[in-house]
Amino acid sequence: MARPIIASDEEILQAAHRVLDRRGPDAFSIAEVAAEAGISRATIILRFRSTSALKLTLLTQVVQHFAAAIAQVPKPKGGDGLLHIAAFIGTHLHSRESSAKFFARYNANLQDPELTDLEHKRGKILLDAISAVMPKVAIEHDAAVRAFLSQLTGNIIAWLATDDQDSRRYLVLRTRDWLQLAGIRFSEELVKEFTAGSTAPIKKTSASTPARSAPRAKRRSN
């Protein structure tokens, strides 16, 4: 009798990740993961019980890897720290197709309470990283953190509709714009470092100093 093909849990999860990327959350199945890993469907069921349990284990691993990766990002307080976070996210977008699939998976995960909890945990990890580097600004700290996250998310969606192939460059430059608007100091040299290698020109700014508010008009005396 031929010996059964054995795969480790890690190999099964890697196969599951490839299937999820290729097929999306709606078409994800144990049968296809088994075919991808070269093992029987029964082998996966014995280890992970169900499709839902396999998805839960897979997302748990993804969140753990995300937490470990963002923990390695330099976090100087202020604009440079926010630029580091933008560059980190931009680097991990990979492609428009993978980014679009991420949003599709995110929406699908919100239909499951356990997966929703994990998505919230991943979101909190990112919020905590932003909070750690956010300097004092004109609005409350938590509001500033969420405002930065909103611009980051909005610019990811905006990037999907552009012809710019460099997601990191795009997010870093849009973050530079946001920092200027918020009056937060940052290093223009760091912007150049993150955008090095791109063929598109970078417009020069005086963004290493806080943005100044427009002068108030003098009130006329009666």
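Residues numbered from 1 in each chain as written. Predicted model: local features only at pLDDT ≥ 70, side-chain atom pairs only at ≥ 80, totals over all residues. Heavy atoms only, no water.

### Concerning the pattern of salt bridges
Moving on, step 1. Considering all chains together, one arrives at 13 salt bridges under this definition.
Moving on, step 2. Between Glu32 and Arg22 there is a salt bridge whose closest N-O contact spans 3.5 Å. Of this pair, Glu32 sits in helix α2 (residues 30-37) while Arg22 sits in helix α1 (residues 9-23), placing them ten residues apart in sequence.
Moving on, step 3. Owing to a relative accessible area of 44%, Arg22 belongs among the partly exposed residues under this scheme.
Moving on, step 4. Each member of the salt-bridge network shares a partner with another, and the members are Arg18, Arg22, Arg23, Glu32 and Glu36. (Salt bridge = Lys/Arg side-chain N within 4 Å of Asp/Glu carboxyl O. Helix = DSSP H or I, 4+ residues; strand = E, 2+ residues; numbered from the N terminus. Buried < 20%, exposed > 50% of the residue type's maximum accessible area, 1.4 Å probe, protein only.)

### Regarding unusual backbone geometry
Moving on, step 1. With a phi angle near 75°, Arg49 is a residue other than glycine that sits in the positive phi range.
Moving on, step 2. Looking at Arg49, the relative accessible area reads 64%, which means it is exposed.

### Overview of the packing of aromatic side chains
Moving on, step 1. Here the structure, examined in full by the defined rule, presents four aromatic pairs.
Moving on, step 2. With centroids separated by 5.3 Å and ring planes inclined at 75°, the aromatic side chains of Phe148 and Trp178 adopt a geometry described as edge-to-face. One end of the pair, Phe148, is in helix α8 (residues 141-160); the other, Trp178, is in helix α9 (residues 167-182), and 30 residues separate them in sequence.
Moving on, step 3. The exposure class assigned to Trp178 is buried, which follows from its relative accessible area of 17%.
Moving on, step 4. Here the basic side chain of Arg96 rests over the ring of Trp159, its NZ or CZ set 4.4 Å away from the ring centre.
Moving on, step 5. The ring of Tyr170 is capped by Arg174, whose NZ or CZ atom sits 5.2 Å from the centre of that ring. (Phe/Tyr/Trp six-rings, centres within 6.5 Å; stacked < 30°, edge-to-face > 60°. Lys NZ or Arg CZ within 6 Å of the ring centre and 35° of its normal.)

### A few points about the environment of Phe102
Moving on, step 1. Here Phe102 shows up in helix α6 (residues 96-109).
Moving on, step 2. Assessed through its relative accessible area of 30%, Phe102 is described here as partly exposed.
Moving on, step 3. Placed 77 residues apart in sequence, Phe102 and Pro25 show a C-alpha to C-alpha distance of 9.8 Å.

### With respect to the environment of Asp128
Moving on, step 1. Inspection of the secondary structure puts Asp128 in helix α7 (residues 113-133).
Moving on, step 2. Separated by 17 residues in the primary sequence, Asp128 and Val145 place their C-alpha atoms 8.7 Å from one another.

### Topic: the packing of α2 against helix α3 (residues 41-48)
Moving on, step 1. At a minimum axis separation of 8 Å, α2 and α3 run at an interaxial angle of 110°. Classified by the angle their axes make, α2 and α3 are roughly perpendicular. Once α2 is placed against α3, the crossing between them reads as right-handed. Across from Ile30, Ala31, Val33 and Ala34 in α2, the residues of α3 making contact are Arg41, Ile44 and Ile45.
Moving on, step 2. Taken together, the residues of the contact of α2 with α3 sort by class into six nonpolar, no polar and one charged. (Axes fitted to C-alpha atoms, helices over the stretch in contact; angles between N-to-C directions. Parallel < 35°, antiparallel > 145°, perpendicular 65-115°, else oblique. Left-handed = near helix turned anticlockwise from the far one by under 90°. Contact = heavy atoms within 4.5 Å. Nonpolar A, V, L, I, M, F, W, Y, C, P; charged D, E, K, R; others polar.)

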